[in-house]
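# Observations on chain architecture
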Amino acid sequence: MSSTPTKQSPRLSHARDISRPGFYVKLVLMMLVNALGLYGIMAAYGQQEWGVLAFLAITLIVVDFVYFTKRAVPAKYLVPGLIFLIVFQVYVMVNTAYVAFTNYGDGHNDAKGPAITQIMKTADRRVEGTDTFPVTVLDRDGEIEFGIVQDGEAKVGSATQPLQSVGDATVAGDKITEVPGAKVLNLGEIQQRQDDVLGLRVSVTDDPNDGWLRTDNATFAYVAKSLLTYDAAADTFTNQDGKVFHADASRGEFVADDGSTLTPGWRVVVGFDNFKQMFTDSRLSGPFLKSLVWTFAFAILSVLTTFALGLILAVVFNDKRVKGRTFYRAMFILPYAFPAFLAALVWRGLLNKDFGFMNQVLLGGAGIDWLGDGNLAKLAILG
C-alpha cells in the first residue's frame, strides 16, 4: 500500500526555518550588509555622486537577492569577483578613457563651481571694518578646521564646508575649547602644520561673495573677500582695474580679451585635442614616440628572446648525450622559486658598474655603465 506525501503549509515551513540556528546568523548578516549599503548610498547622495549612488544601489539589490534568498545559487560564487572586476578593472578603464578626452590636469582638476570659489580665494584681502574672532584650530580626521564664536553661537567650518553651528561644542568666554569628533590643536601642532593653517579659507556662507575666514597667526581670524568680482548672470570675473574675464566653455578657463587667464580652470571635454597635441607639439611628440616604440619593442623582444632561449635550452638538454642533464633541468626550475624583487636586486648587483660580476669577471674589469645608460638599461631589462 503506497502512501502519498503530504504538502507542508508555508506557515510550518517558515516556523521550521526560524527554529534553525543559522536563520539568526543570516538575519544579522543581512541587516549588517544593508546597513553598510544604505550608509554608502546616503554618503554618495550627500556628495552628489550620482554614479556611485546608482552603482551602490544596484549592488545592494543584487547582493540581497543572491545571498539572502534560496535562488541564484551559482551566482553566490560569482558576484564577489564580478563586483571587484567592475570596481578595479571596468571602472578604471572607462574612467581612463573618459579622462583622455578632457583637459584634466594641473589647474583643471575640478568642476566649475569649486574653481570659481578657488579663484576668488586666491585673490583675497581683509574686509575693512569687520570684526576679528578668536579662532580655534581643529583637526578632524586629518582635515584642518576653524572654530569661532559669532553672536554667542559656536560655528565650525573647513575648506570644503562653510561655517555651521555646532550645538554641542564647549565654549569658554569667546573661544571654543572643545568640539566632539575633532581635536583642538595646540601651538606646537599648529606650527607643524603652519602652511595648512595659514592657507585655509573657510567660507562664511554658501555664497563666496560673502567672504571667508582666514588667519595670519592662528590666534585671531578675520573676514576676507576677493579682489575679483564674480557676476553669475554674465559668468564673468572683473578685477580692480576693470579687466573682464569671460568663461570659455571650450577651454575650461576664464579668459580676458588680451588672452590672460585666471587659474585654476575646470574640467571640460576637449574631444581629440589631446591626441592632436600629442602628435603636433614637439615637446610631447618626441617623448611619446620614443615611449611607444620602446613599449612595442619590449613586448615583442621579451617574448621572442625568452621563447628562443627557452627552445634552445630545451633542445640541448633533451639530448641524451648531455651528461648531468637532470641536474641542469632542476637548476632551471630554481628561478621560479625566487621572488621577482629578489631576482631584480641580484641582477642589479651583477650589472654594477664598479663591482658587478659582469664587468669585473666576465669583461675583465670594464667600466660599462649598464644601468646608467638608457640604451644599455633597456638591454639589461630584456636580459
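All values reported here derive from a predicted model rather than from experimental measurement.

## Quick word on unusual backbone geometry
For the peptide bond that leads from Thr-263 to Pro-264, omega is 0°, which places it in the cis range. Within the secondary structure layout, Pro-264 lies in the loop between β17 (261-262) and α8 (273-280). Of note, Ala-72 is a non-glycine position whose phi angle comes to about 50°, a positive value. Tracing the chain through its elements places Ala-72 in the loop between α3 (50-67) and α4 (75-100).

## Side note on the sheet that holds strand β15 (residues 244-248)
Strand order across the open sheet formed by 5 strands is β13-β14-β15-β16-β17, with antiparallel pairing between neighbours. The open sheet has two free edges, formed respectively by β13 (229-231) and β17, since each of these has just one partner strand. Across 3 bridges, the pairing between strand β14 (residues 236-238) and β15 is antiparallel. Looking at the pairing, Thr-236 lines up with His-246 of β15.

## Here's the deal with the confidence of the model for the protein chain
Confidence along the protein chain averages 86 in pLDDT terms, with 94% of residues attaining 70 or more. Considering each helix and strand of the protein chain separately, the mean pLDDT is smallest for helix α1 (residues 10-19), with a value of 52, and largest for strand β16 (residues 253-256), with 94.

## Considering the packing of α3 against α4
Across the interface, α3 lies against α4 with an axial gap of 10 Å and an inter-helix angle of 165°. Our classification of the angle between α3 and α4 gives roughly antiparallel. Crossing of α3 over α4 shows left-handed handedness. On the side of α3, the interface is formed by Phe-55, Thr-59, Val-62, Val-63, Val-66 and Tyr-67, while α4 contributes Ala-75, Lys-76, Val-79, Pro-80, Ile-83, Ile-86 and Val-87. Here the contact of α3 with α4 is built from residues that sort into 11 nonpolar, 1 polar and 1 charged.

## Here we look at the side chain of Asn-103
Here Asn-103 is to be found in the loop between α4 and α5 (112-121). Residue Asn-103 is classed as buried on the basis of its relative accessible area, which comes to 15%. Here the side chain of Asn-103 touches Arg-251 through a polar contact of 3.1 Å, landing on its backbone oxygen. Beyond its immediate chain neighbours, meaning those up to four positions away, Asn-103 contacts His-108, Arg-251, Gly-252, Trp-266, Arg-267, Val-268 and Val-270.

## Some words on the packing of aromatic side chains
Considering all chains together, one arrives at 14 aromatic pairs under this definition. Ring geometry for Phe-237 against Phe-254: centres 4.9 Å apart, planes inclined by 80°, an arrangement best described as edge-to-face. In this pair, Phe-237 is assigned in strand β14 and Phe-254 in strand β16, connecting sequence segments 17 residues apart. According to the relative accessible area criterion, Phe-237 is buried, its value standing at 0%. Judged by centre distance (5.8 Å) and plane angle (65°), the rings of Phe-327 and Tyr-328 are edge-to-face. In this structure Phe-327 comes out as exposed when scored by relative accessible area, which is 52%. Looking at Tyr-328, the relative accessible area reads 38%, which means it is partly exposed.

Cut-off values and rules
- Residues numbered from 1 in each chain as written.
- Predicted model: local features only at pLDDT ≥ 70, side-chain atom pairs only at ≥ 80, totals over all residues.
- Heavy atoms only, no water.
- Helix = DSSP H or I, 4+ residues; strand = E, 2+ residues; numbered from the N terminus.
- Pairing = 2+ DSSP bridges.
- pLDDT = per-residue confidence, 0-100.
- Axes fitted to C-alpha atoms, helices over the stretch in contact; angles between N-to-C directions.
- Parallel < 35°, antiparallel > 145°, perpendicular 65-115°, else oblique.
- Left-handed = near helix turned anticlockwise from the far one by under 90°.
- Contact = heavy atoms within 4.5 Å.
- Nonpolar A, V, L, I, M, F, W, Y, C, P; charged D, E, K, R; others polar.
- Buried < 20%, exposed > 50% of the residue type's maximum accessible area, 1.4 Å probe, protein only.
- Polar contact = N/O pair within 3.5 Å; in protein donor to acceptor, adjacent residues only side chain to side chain.
- Phe/Tyr/Trp six-rings, centres within 6.5 Å; stacked < 30°, edge-to-face > 60°.

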